[in-house]
Amino acid sequence: MNVPLVTLLGRVTLAFLAGIGAVTAFAGEAIRQAVQPPYYHRQIVRQMLEIGYYSLPVVGLTAIFTGMVLALQSYTGFARFSAESAIPNVVVVSLTRELGPVLASLMVAGRVGAAMAAEIGTMRVTEQIDALDTLSTDPLKYLVAPRLIAGIVTMPMLVLVADIIGVLGGYLVGVYKLDFNAISYLRNTMDFLQFQDVFSGLVKAAVFGFLITLMGCYHGYTSKGGAQGVGMATTNAVVSASILILTFNYFITEAFFAR
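Residues numbered from 1 in each chain as written. Predicted model: local features only at pLDDT ≥ 70, side-chain atom pairs only at ≥ 80, totals over all residues. Heavy atoms only, no water.

Secondary-structure assignment places histidine 219 in helix 8 (residues 195-221). According to the relative accessible area criterion, histidine 219 is buried, its value standing at 16%. Of the polar contacts made by the side chain of histidine 219, one reaches the side chain of serine 240; its length is 3.2 Å. Contacts of histidine 219, omitting those with residues within four sequence positions, involve Ala233, Asn236, Ala237 and Ser240. (Helix = DSSP H or I, 4+ residues; strand = E, 2+ residues; numbered from the N terminus. Buried < 20%, exposed > 50% of the residue type's maximum accessible area, 1.4 Å probe, protein only. Polar contact = N/O pair within 3.5 Å; in protein donor to acceptor, adjacent residues only side chain to side chain. Contact = heavy atoms within 4.5 Å.)

Written out as structure tokens, the structure is:
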């Protein structure tokens, strides 16, 4: 094998492992700060509003059109096998288990993760974080911990709303477009839905909320190089959070449903 290629692979591998170690160390310290008092309640409430309330429009639009498209696509496929009655079941299970938490989290990662990285990154390059140290205020306790707590608490609530809106979208298409009986559609939806379906989606949402806020805070906190560094931190926060969401989605799904 070519020696320069081996050297390049070694450098990439070492850089990758160093990055994982840095993120892990940052996450461990942030979690420690999040579980230990005192708590900045005003900051936590502010971040909960930012993550949850202000993300409702984009998450709601994503959920309702996802449910509508899912119902249409299911009808197109199931009509070939005369299994149209299974459409309500497919819509509700797909949304609660997978599409609700994953799509909502990806949208929040694009909106909130980028904003967190930009805000904290700007504070880093303008030395406001150093000023917090000077004032004997732990930056992780004041900036990172409230965001982690808000992400873990708020994302399940946001995903639960997304599930309801998505099922509503499927209901609207099923009843008014595909001529389903409204009572039968709702009965099939409720009879087929199980607690594990909803619970697994909410667990995913909590984990995804942690990942989104962690990546936003980490890349912002470690940014450098002025405005260009803040821009790179914002991009890296969204990309890394999205990749981690899809990766952890598989492992959580396997933990809940693999036989």
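The next point concerns the environment of isoleucine 44. Following the sequence through the fold, isoleucine 44 ends up in helix 2 (residues 41-51). The exposure class of isoleucine 44 is buried, given its relative accessible area of 10%. Separated by 103 residues in sequence, isoleucine 44 and arginine 147 place their C-alpha atoms 6.6 Å apart. Leave out the neighbours within four places in its chain, and isoleucine 44 touches Tyr39, Pro146, Ile149 and Ala150.

For the rest of this paragraph, the subject is the packing of aromatic side chains. Two measures describe an aromatic ring pair: the distance that separates the ring centres and the angle between the ring planes. Tallied over the full model, the rule gives ten aromatic pairs. Geometrically, the ring pair formed by tyrosine 171 and tyrosine 185 is edge-to-face, given 5.8 Å between the ring centres and 75 degrees between the ring planes. Of the two residues, tyrosine 171 sits in helix 6 (residues 139-176) while tyrosine 185 sits in helix 7 (residues 182-192), which places them 14 residues apart along the sequence. You'll find tyrosine 171 and tyrosine 185 in the same group, each marked buried. Relative to phenylalanine 257, the ring of phenylalanine 256 has its centre 6.1 Å away and its plane inclined at 40 degrees; by these criteria the two rings are tilted. The exposure class of phenylalanine 257 is buried, given its relative accessible area of 17%. Here the basic side chain of arginine 97 rests over the ring of phenylalanine 257, its NZ or CZ set 3.9 Å away from the ring centre. Taking NZ or CZ as reference, lysine 141 lies 5.9 Å from the ring centre of tyrosine 39, over its face. (Phe/Tyr/Trp six-rings, centres within 6.5 Å; stacked < 30°, edge-to-face > 60°. Lys NZ or Arg CZ within 6 Å of the ring centre and 35° of its normal.)

Our focus in this paragraph is the packing of helix 6 against helix 8. Where helix 6 meets helix 8, the closest approach of the two axes is 7 Å, and the angle between their N-to-C directions is 150 degrees. The angle between helix 6 and helix 8 places the two elements in the roughly antiparallel class. Crossing angle aside, the handedness with which helix 6 passes helix 8 is right-handed. Every residue of helix 8 that contacts helix 6 at Pro139, Leu140, Val144, Arg147, Leu148, Gly151, Ile152, Met155, Pro156, Val159 and Leu160 is listed here: Val198, Gly201, Leu202, Ala205, Ala206, Gly209, Phe210, Thr213, Leu214, Cys217 and Tyr221. In terms of residue class, the contact of helix 6 with helix 8 is made up of 17 nonpolar, four polar and one charged. (Axes fitted to C-alpha atoms, helices over the stretch in contact; angles between N-to-C directions. Parallel < 35°, antiparallel > 145°, perpendicular 65-115°, else oblique. Left-handed = near helix turned anticlockwise from the far one by under 90°. Nonpolar A, V, L, I, M, F, W, Y, C, P; charged D, E, K, R; others polar.)

What follows concerns the layout of surface pockets. Looking at the largest pocket, its volume works out to about 580 Å³. Along the walls of the largest pocket sit 24 residues, with Val23, Met215, Tyr218, His219 and Ser240 positioned nearest its centre. Those elements that provide at least two residues to the lining of the largest pocket are helix 1 (3-35), helix 8 and helix 9 (226-257). With nine residues, helix 9 is the single largest residue contributor to the lining of the largest pocket. When the residues that make up the lining of the largest pocket are grouped by side-chain class, the tally is 15 nonpolar, eight polar and one charged. Roughly 230 Å³ of volume is contained in the second largest pocket. Lining the second largest pocket are 13 residues, with Val92, Val167, Thr189, Met190 and Leu193 sitting closest to its centre. Within the residue set of the lining of the second largest pocket, elements represented by two or more residues are helix 4 (87-125), helix 6 and helix 7. Counting residues per element, the lining of the second largest pocket draws most heavily on helix 6, which supplies six residues. (1 Å grid on protein atoms, 1.4 Å probe; cavity = no way out; pocket = protein on both sides within 12 Å on 5 of 7 lines; lining within 4 Å. Points joined across faces, edges and corners; volume = space filled by probe spheres on them.)

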